[in-house]
Amino acid sequence: MIDPLSDVAVARRVARDIPDGAYVNLGIGMPILVGDVVGPDKEIVYHSENGILGMGPAPAPGEEDRELINAGKQPVTLLPGGSYFHHTDAFVMMRGGHIDISVLGAFQVSEGGDLANWITDVATMPPAVGGAMDLAVGARRVLVMTTHTTRDGRPKLLPRCTYPLTAAGVVDRVYTDLAVLDVGPVGFVVREMAPGLTRTELQSVTAARLTFADDVVELDPH
Amino acid sequence: MIDPLSDVAVARRVARDIPDGAYVNLGIGMPILVGDVVGPDKEIVYHSENGILGMGPAPAPGEEDRELINAGKQPVTLLPGGSYFHHTDAFVMMRGGHIDISVLGAFQVSEGGDLANWITDVATMPPAVGGAMDLAVGARRVLVMTTHTTRDGRPKLLPRCTYPLTAAGVVDRVYTDLAVLDVGPVGFVVREMAPGLTRTELQSVTAARLTFADDVVELDPH
Amino acid sequence: MIDKRVASLADAVAGISDGATVLVGGFGDSGVPVELVHALLDQGARDLTVVTNNAGAGEGDVAALIRERRVRTIVCSYPRSMGSIWFEELWRAGEIGLELVPQGTLSERMRAAGAGLGGFFTPTGADTLLAEGKEVRTIGGRPHVFEHPLPGDVALVKAHRADRWGNLVYRKAARNYGPTMATAATLTVVQVEEFVELGDLDPEAVVTPGIFVDRVVQVAAS
Amino acid sequence: MIDKRVASLADAVAGISDGATVLVGGFGDSGVPVELVHALLDQGARDLTVVTNNAGAGEGDVAALIRERRVRTIVCSYPRSMGSIWFEELWRAGEIGLELVPQGTLSERMRAAGAGLGGFFTPTGADTLLAEGKEVRTIGGRPHVFEHPLPGDVALVKAHRADRWGNLVYRKAARNYGPTMATAATLTVVQVEEFVELGDLDPEAVVTPGIFVDRVVQVAAS
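Residues numbered from 1 in each chain as written. Chains lettered and ligands numbered in written order. Predicted model: local features only at pLDDT ≥ 70, side-chain atom pairs only at ≥ 80, totals over all residues. Heavy atoms only, no water.

## Details of the overall build of chain A
1) Next: Within chain A, the secondary structure is distributed over five helices and 13 strands.
2) Next: Its C-alpha atoms put chain A at 50 × 45 × 30 Å along the principal axes.
3) Next: Residue burial in chain A is summarised as follows: out of 222 residues, 60% are buried.
4) Next: Taking as baseline every contact in chain A between residues at least 6 positions apart, the subset at least 24 positions apart corresponds to 62%.
5) Next: With an accessible surface of roughly 8,600 Å², chain A has 53% of that area assigned to carbon and sulfur atoms.
6) Next: Each charge sign in chain A was given a centre, from 17 positive and 28 negative side chains, and these centres are 5 Å apart. (Helix = DSSP H or I, 4+ residues; strand = E, 2+ residues; numbered from the N terminus. Buried < 20%, exposed > 50% of the residue type's maximum accessible area, 1.4 Å probe, protein only. Contact = heavy atoms within 4.5 Å. Areas by Shrake-Rupley, 256 points an atom, 1.4 Å probe, with all protein chains shown as cover. Lys, Arg positive; Asp, Glu negative; His and termini not counted. Charge placed at Lys NZ, Arg CZ, Asp CG, Glu CD.)

## As for the interface of chain D and chain C
1) Next: Across the boundary between the two partners, chain D contributes 22 residues, which contact 22 residues of chain C.
2) Next: Interface area, chain D with chain C, both sides summed: about 1,600 Å², of which 41% is carbon and sulfur.
3) Next: At the junction of chain D with chain C, the criterion picks out six salt bridges.
4) Next: Taking the shortest distance from any N to any O, the salt bridge between D:E135 and C:R137 comes out at 2.8 Å.
5) Next: Linking chain D with chain C are twelve residue pairs in polar contact (both at pLDDT 80 or more), by the criterion used here.
6) Next: Breaking the side of chain D that touches chain C down by element, the ones donating at least two residues are α5 (103–115), β5 (119–122), β6 (136–139) and β7 (142–147) of chain D.
7) Next: If you tally residues by element for the side of chain D that touches chain C, the top one is β5(D), at four residues. (Buried area = accessible area lost by both parts, 1.4 Å probe. Salt bridge = Lys/Arg side-chain N within 4 Å of Asp/Glu carboxyl O. Polar contact = N/O pair within 3.5 Å; in protein donor to acceptor, adjacent residues only side chain to side chain.)

## Observations concerning the packing of aromatic side chains
1) Next: Applying the stated criterion across every chain yields a total of six aromatic pairs over all chains.
2) Next: Arranged with centres 6.2 Å apart and planes meeting at 85 degrees, the rings of A:F107 and A:Y163 form a pair that is edge-to-face. One end of the pair, A:F107, is in the loop between β5 (101–104) and β6 (108–110); the other, A:Y163, is in the loop between β9 (157–158) and β10 (173–175), with 56 residues separating them in the sequence.
3) Next: Looking at A:F107, the relative accessible area reads 32%, which means it is partly exposed.
4) Next: Grouping aromatic residues by their ring pairs yields a cluster made of C:F121, C:F146, D:F121 and D:F146.
5) Next: Above the face of the C:F195 ring, C:R5 is positioned so that its terminal group lies 5.7 Å from the ring centre.
6) Next: Looking at C:R137, its charged tip hangs above the ring of D:F146, at a distance of 5.1 Å from the centre. (Phe/Tyr/Trp six-rings, centres within 6.5 Å; stacked < 30°, edge-to-face > 60°. Lys NZ or Arg CZ within 6 Å of the ring centre and 35° of its normal.)

## Some remarks on the packing of helix α3 (residues 87–95) of chain A against α5(D)
1) Next: As a packed pair, α3(A) and α5(D) sit with axes 7 Å apart at the nearest point and diverge in direction by 65 degrees. In contact with A:T88, A:V92 and A:R95 of α3(A), α5(D) contributes D:R111, D:G114 and D:A115.
2) Next: Residues of the contact of α3(A) with α5(D), tallied by class, amount to two nonpolar, two polar and two charged. (Axes fitted to C-alpha atoms, helices over the stretch in contact; angles between N-to-C directions. Nonpolar A, V, L, I, M, F, W, Y, C, P; charged D, E, K, R; others polar.)

## Points about the pattern of salt bridges
Proximity of charged atoms lets side chains of opposite charge pair with each other.
1) Next: Following the criterion strictly, the structure yields 53 salt bridges over all chains and no others.
2) Next: Taking the shortest distance from any N to any O, the salt bridge between D:R109 and D:E99 comes out at 3.0 Å. Placement of the pair is D:R109 in helix α5 and D:E99 in strand β4 (residues 97–100), with a sequence separation of ten residues.
3) Next: Residue classification places D:R109 among the buried positions, given a relative accessible area of 8%.
4) Next: Several salt bridges converge on common partners, so that one network encompasses A:R13, A:D17, A:R173, A:D182, A:R191 and A:E192.

## A short note on the sheet that holds strand β8 (residues 141–145) of chain B
Strands in a sheet are paired, the pairing made by backbone hydrogen bonds, and the direction either parallel or antiparallel.
Residue and element names in this part refer to chain B.
1) Next: Spatially, ten strands are ordered β4-β3-β2-β1-β5-β8-β10-β11-β12-β13 in an open sheet, and the strand pairing comes out mixed. Because the sheet does not close on itself, it has two edges, and the strands there are β4 (77–84) and β13 (211–218). Across the sheet, the mean angle separating the axes of adjacent strands is 25 degrees when strand polarity is ignored.
2) Next: As defined by bridge partners, strand β2 (residues 45–48) adjoins strand β3 (residues 52–56) across two bridges and the pair is classed as antiparallel. Bridged to S48 within β3 is I52.
3) Next: Running at roughly 165 degrees to β8, helix α1 (residues 7–16) makes contact with β5 (101–104), β8, β10 (173–175), β11 (179–184) and β12 (187–193) of the sheet. (Pairing = 2+ DSSP bridges.)

## Looking at the pairing of β7(D)
Residue and element names in this part refer to chain D.
1) Next: Summarising the sheet, β5 and β7 pair through three bridges and their orientation is antiparallel. Paired with F121 across the two strands is F146, which belongs to β7.
2) Next: Bridge count between β6 and β7: four bridges; the pairing is antiparallel. From the neighbouring strand, V136 faces β7, where its bridge partner is V145.
3) Next: Between β6 and β7, which pair antiparallel one after the other, the connecting turn spans two residues, and G140 there sits at a positive phi close to 60 degrees.

## With respect to the environment of B:I119
1) Next: Here B:I119 lies in the loop between β7 (115–116) and α4 (132–138).
2) Next: For B:I119, a relative accessible area of 2% corresponds to the buried category.
3) Next: Measuring from C-alpha to C-alpha, the distance between B:I119 and B:F212 comes to 31 Å, with 93 residues separating the pair along the chain.
4) Next: In this view, B:I119 contacts B:F107, B:P127, B:A128, B:Y163, B:P164, D:R80 and D:L129; residues no more than four positions away in its chain are not counted.

## Regarding the pairing of β2(B)
All names here are of chain B.
1) Next: Side-chain alternation along β2 places V45 and H47 on one buried face and Y46 and S48 on a second face that is also buried.
2) Next: For strand β1 (residues 23–26) and β2, the ladder comprises two bridges, and the chain directions are parallel. Considered in β2, the bridge of V24 is made with Y46.
3) Next: Between β2 and the antiparallel strand that follows it, β3, lie three residues; G51 among them carries a positive phi value of about 120 degrees.

Okay, here's the thing in structure tokens:
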């Protein structure tokens, strides 16, 4: 029986792959959860594309400052050692390869590492891109955090993306509620799987053809 | 009889054309003199391409700071309202058209406004350019301050430069020890002349063909 | 004497023409020059091209300009945000143009304008819809898109403090687009919360040197 | 925990390889990382490409590297200065290569490398010897030269103060190339006069955020 991981469990798994001292940008949505579950043993410097390095947690109620917000426009704080800079410099950090890890959400990921996470439909809603493309092309490692399928059960891991791309060939690793998969020369390689899940079941909810590592590990569901 | 102006008198004439409130870059050499003769009634902001805006005069002896120097590597001071910035930003100001007036020395100026002021000989001395090209292309107005001829009497104002160019078609006005000349569609137009100098004499030390304004003014020799 | 301070919001936006390209700072609610935008609304200029990160929300600032049919085209990275109802309505009706630009490219294009550059190649947006019709060049084995400078006739910027020379410091993440937009416009208009005496800003900590600023108006902190 | 402080100059320059491209900060005597350059001399790396504004003077810093035949090529804006005897001697003997770059272009090319851009068009140098062999494009009616990014394997930078995250502030005009070079190198090594506690630098006034810095060593002010 398929027992998908909770968002927080996926965030915990992502957090394990973030080394002490890393410069990290967490995308809007699910990726933000990662910041809450990184252990206190690691000193991580969070970057926000509106011009902050060394972002701290949300302020206590009543302590919010409308001019100290993150890319998702939520109030944040600044840690000792943090700094402010202008927008262009914030994107120098991103495009220039200075961010160690970018964690992004996704609508679709292709077996070639293409990412689609900005629009699904160009006709009826005005398009909006923000910093998604810069984050996808510039970080040293691009990690995707997503549910394995859409809400109505359609696969998100595909041979080719059908939605408009954010960037081509950029994704290094995908963390879903069912598996951890590397993107390599042969496409998706499954490294870890949710407890109780069979390879056949995982393949059945994945449109891209999966390869399985020799030593597939069981994901911690908590 | 030709009675050329002193360097300081030429500097005084240049200074008259610098309006109150201007952002000005003074090139190394003769142009530096302009800073000493601008009247106290004007507030001028001097830019130095190593990263200073609001440069003040030379410090008192013993007050020099080796880290506060101008582009000519001489010690300077900073006025209230001055600021420091990095090299790339200093050149944003220059290339981006933010400097109102750049005063430059010259080896040669052509009637088309071409400027040659960086090398005369590429074979025996290593070439060096510094910020000369950036200053020549970027300022809103490019003023040249120079002797009318070389030390050995050869003309510096030519139909075409024979030395390697610093930039093409950039010079707006030339101030020499003999005349003030605008660079226009018809070439050099003489606006002002040193006292006692005839048009024939001025043309005789100028290789480019001169046009004379209707109302040529006599230069103040002091 | 240099004094860029103006007495009123009306003075600050005086002379902005119909058809102008207006750069408007801010990201979400942070650093938006709300009072200047409302002064521009009162001033009456129309047929504007507005360059800004978001298309406004609710009935205030940029949303109000859009609602009043004053904006012909918006150049924007993330027009579709919570409450951007006026933009969405006019966009669906075909009554407003949209040029969608990735956030880092938006900022970098304005920087190129301010820096006097003719354009640049960026990997951001390559292989995506946003590269359609653009020159693409492979550099270092990777596709890059050619992007043009994006200058403004006017920039409306919010800063924290200014002196009479127009030197600026910002507050926290409200800095965002301000310093870049200030370099990219022919007329840079700034609202600040506080005027200080010349010399009161630390020359090492000035973020926008006054050379980039034309008018500053004081607006009480909201 | 992040701690970029290293105990000695030898630790600071450890691992720099033969053949490396080394960006060396400084303009004239201001902001030159003298002790780091001497440490590199002791360290032994040879066949270097050195990118710097001046080619050194007398027997110290970059001049000493040149004298010891450790520099294969210098990429430089103003190599010929008072006392640049070693550079001139080797240049005449054909024993050192010189790539001459206009000062603003030198800085901008390093910025492009740090910003992850593929190159840019600049009006600086158009119609001059320094555009020979380069792509030229007319933009806005004006010739522009295409310039490539200029990345370093190593940057040697002098700053004033640092904290353990590597955040930097500089002193007066010594800032010059430092902030840009710090972004452009794989390994950025900084000498400072003083270490301060994390949180002691004003987050609004940090000039180089620590993300651009790899190693910091303290050297007493000279």
